[in-house]
Amino acid sequence: MNFTRRGFLSASAGLAAMPVLRSAQAAVPREADIVVIGAGAAGIAAARRVVAANRKVILIEASPQIGGRCSTDAATFGLPFDRGARWLFNADSNPIGKLARGVGVDVVAAPIGQKIRVGRRNARPGETEQFLAGLVRANRAIDEAARGKLDTSCAAALPKDLGDWGNTTAFVLGAGATGKDLADLSAIDKARAQDRSAPLACRQGLGTLVGKLGESLPVSLSTPATRIVWSNREVAVETPAGRIAARAVILTVSTNVLASGAIKFTPELPKRQLEAAAKLSLGSYDHIALMLSGNPLGLSRDEVIVEQSNSNRTGLLLANIGGSSLCTVDVAGSFGRDLSAQGEAAMTAFGKEWIGKLFGSEAAAAVKSSSATRWNQVPGVLGAMSAAAPGGQGARKILGEPLGPLFVAGEATHETLWGTVDGAWDSGERAAEAALRRIGALKDSEPEPTSERQRGRRRKVRSASPED
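This text gives an overview of the structure that appears in the document. (Residues numbered from 1 in each chain as written. Predicted model: local features only at pLDDT ≥ 70, side-chain atom pairs only at ≥ 80, totals over all residues. Heavy atoms only, no water.)

**Regarding the overall build of the protein**
Thinking step 1. Helices and strands together make up the secondary structure of the protein, namely 15 helices and 20 strands.
Thinking step 2. By the burial criterion, 61% of the 468 residues in the protein qualify as buried.
Thinking step 3. Of all intrachain contacts in the protein linking residues separated by at least 6 positions in sequence, the fraction that spans at least 24 positions is 77%. (Helix = DSSP H or I, 4+ residues; strand = E, 2+ residues; numbered from the N terminus. Buried < 20%, exposed > 50% of the residue type's maximum accessible area, 1.4 Å probe, protein only. Contact = heavy atoms within 4.5 Å.)

Written out as structure tokens, the structure is:
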């Protein structure tokens, strides 16, 4: 039985990838109007907005490639494999989707086929109804907890009578949707998340699209920011290639990188901002990619499978990606983090074991080649997408507060579209608007960009009834 992606697939839009597209290498200038640090979705959006305002910008990126946590790998399997973010959302208003045609990328509505496995069989209609009913009750319980005075964990709010579907519900709403277990997830943050509906897929890969949107920008690759010297009046960025004096800086690195101290600040960042970054640490979400021989699973194109599990040792299957024989088993949360730490061989072994458990040993034996992402170990990423800890929902607004000429952007600063490429892009444009206003490049009366569509549309993530 099929059911909606709402509340079920939001994690697959989570950001967790290394980029594959290179941009034209720009020399590091001695000065610029605005320096953007990080060439992911937020950084690319910010730099594009500054260029549109006819101001001098330099986009510096620590890695040798652009795209950030959006990545399309076309080499490993000979077809587009998004190693991180897969989908855009809210097709009617998504600005990135509207830009795709101009850079030669095809964007289409994502398939919606989904099933639940109970052991070696598909769930019966009654079982699916029971699971969905429990999912609705769990969402409502989290909403109710979010109305309280204390920002409790989602786990504390979860109904205690979910029976055999308790672990599956916890995975779908927690690790599978945010990269964190429900015990580590703010109920208010979850409840305030905007609906991730009408998903869009890119035929050439979402990482390809994001990378192409940054190709024309002045980018300096393999150029990490090592120190930011700032005051209320001025700011400068130090890199191995030299020092860049600027009128404003937009910082788009992940919360884990920011909290790691990889970039030094003089003076140090206020404790308020550092604590906010810590409360918005990245969850763990990885893809175990398996190229099969034929279609031994008997599934449709881009079909999604979860199982009735009895523990957190589970995953999410995306089968026959783009009509190919490539499948991914996604692992997340504390289990995914522990598995990733064991290395790619252990991850691949689990993927084969899990496929075999649900579809038989013949399916596991049909695996011809494999690859696994390990984003917790990537120095410039250190995880997947941000997810607020219990009591930490307010940290998103704090993290995004301007500090004189210093502006922070990224999906972690978006209060309703956190964990998505959409939120990262919108935050980059917002930060660019603020930075341009600071340097006098925009008039106060100038309207906000159209991508601010998200404001006021805080529809909550839901798992809908079977009729949806």
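On we go.
**Re the sheet that holds strand β16 (residues 303–307)**
Thinking step 1. Taken in spatial order, the 7 strands line up as β8-β7-β16-β17-β18-β15-β19 in an open sheet, and their pairing is mixed. The sheet terminates laterally at β8 (121–122) and β19 (367–372), the two strands that pair on one side only.
Thinking step 2. As paired strands, strand β17 (residues 316–319) and strand β18 (residues 326–332) are joined by 3 bridges and run antiparallel to one another. Residue pairing in the sheet places Leu317 in a bridge with Val329 of β18.
Thinking step 3. Those strands touched by helix α11 (residues 333–341) are β15 (285–292) and β18, and its axis lies near 110° from that of β18. (Pairing = 2+ DSSP bridges. Axes fitted to C-alpha atoms, helices over the stretch in contact; angles between N-to-C directions.)

**Comments concerning the packing of α11 against helix α12 (residues 344–359)**
Thinking step 1. Contact geometry for α11 and α12: axes closest at 6 Å, N-to-C directions at 125°. Put simply, α11 runs oblique to α12. Along the contact surface, α11 presents Phe335, Leu339 and Ser340, while α12 presents Ala346, Met347 and Phe350. (Parallel < 35°, antiparallel > 145°, perpendicular 65-115°, else oblique.)

**Considerations on the layout of surface pockets**
Thinking step 1. Empty space within the largest pocket amounts to approximately 570 Å³.
Thinking step 2. Looking at the largest pocket, it is lined by 35 residues, and the ones nearest its centre are Gly38, Glu61, Val253, Ser254 and Gly380.
Thinking step 3. Residue assignment for the lining of the largest pocket shows that the elements contributing at least two residues are α1 (41–52) and α9 (255–260).
Thinking step 4. A per-element tally of the lining of the largest pocket places α1 first, with 3 residues.
Thinking step 5. Each residue belonging to the lining of the largest pocket can be placed in one class, and the counts come to 21 nonpolar, 11 polar and 3 charged. (1 Å grid on protein atoms, 1.4 Å probe; cavity = no way out; pocket = protein on both sides within 12 Å on 5 of 7 lines; lining within 4 Å. Points joined across faces, edges and corners; volume = space filled by probe spheres on them. Nonpolar A, V, L, I, M, F, W, Y, C, P; charged D, E, K, R; others polar.)

**Brief notes about the pattern of salt bridges**
Thinking step 1. Applying the stated criterion across every chain, the model contains 19 salt bridges.
Thinking step 2. Between Arg147 and Glu144 there is a salt bridge whose closest N-O contact spans 2.8 Å.
Thinking step 3. Notably, a salt bridge pairs Arg243 with Glu238, separated by 3.0 Å at the nearest N-O pair.
Thinking step 4. What emerges from the salt-bridge pattern is a single network uniting Arg49, Glu433 and Arg437. (Salt bridge = Lys/Arg side-chain N within 4 Å of Asp/Glu carboxyl O.)

**Some points on the nonpolar core**
Considering soluble globular proteins, one finds that nonpolar side chains tend to be buried as a cluster.
Thinking step 1. Formed by 43 residues in total, the largest nonpolar core has its most connected members in Ile34, Leu209, Ile250 and Val421.
Thinking step 2. Those elements that place two or more of their residues in this core are β1 (31–37), α1, β2 (57–60), α2 (95–100), β9 (200–202), α8 (206–213), β13 (242–251) and α15 (421–438).
Thinking step 3. Leaving out residues up to four positions away in the same chain, Ile250 has contacts with Ile34, Val35, Val36, Ile37, Ala46, Phe407, Ala409, Ala431, Ala432 and Ala435.
Thinking step 4. In terms of nonpolar packing, the next biggest core, distinct from the first, is built from 40 residues, Phe81, Ala157, Leu173 and Val304 among them. (Core = buried A, V, L, I, M, F, W, Y, C linked by side-chain atoms within 4.5 Å.)

**What about the sheet that holds strand β6 (residues 107–109)?**
Thinking step 1. Read across the open sheet, the 3 strands follow the order β5-β9-β6; overall the sheet is antiparallel. In the strand order of this sheet, the two ends are held by β5 (87–88) and β6, each with one partner.
Thinking step 2. Sheet topology note: the β6/β9 ladder contains 3 bridges and is antiparallel. Its bridge partner being in β9, Val107 is matched across the sheet by Cys202.

**Examining empty space enclosed by the protein**
Gaps left between atoms are located by rolling a probe of water-molecule size over the structure's atoms.
Thinking step 1. Applying the stated criterion to the full structure yields 3 cavities of 30 Å³ or more.
Thinking step 2. Computed from the structure, the largest cavity encloses a volume of approximately 60 Å³.
Thinking step 3. Class assignment for the residues of the lining of the largest cavity results in 4 nonpolar, 5 polar and 2 charged.

**Quick look at the packing of aromatic side chains**
Any two aromatic rings considered together are summarised by their centre-to-centre distance and by the angle between their planes.
Thinking step 1. This model, assessed by the stated rule, comprises 3 aromatic pairs.
Thinking step 2. Residues Phe77 and Phe81 carry aromatic rings whose centres are separated by 5.7 Å and whose planes lie at 70° to one another, so their mutual orientation is edge-to-face. Like Phe77, the residue Phe81 is buried in the burial classification.
Thinking step 3. Consider the rings of Phe335 and Phe350, whose centres lie 5.0 Å apart with planes at 65°: the pair is edge-to-face. (Phe/Tyr/Trp six-rings, centres within 6.5 Å; stacked < 30°, edge-to-face > 60°.)

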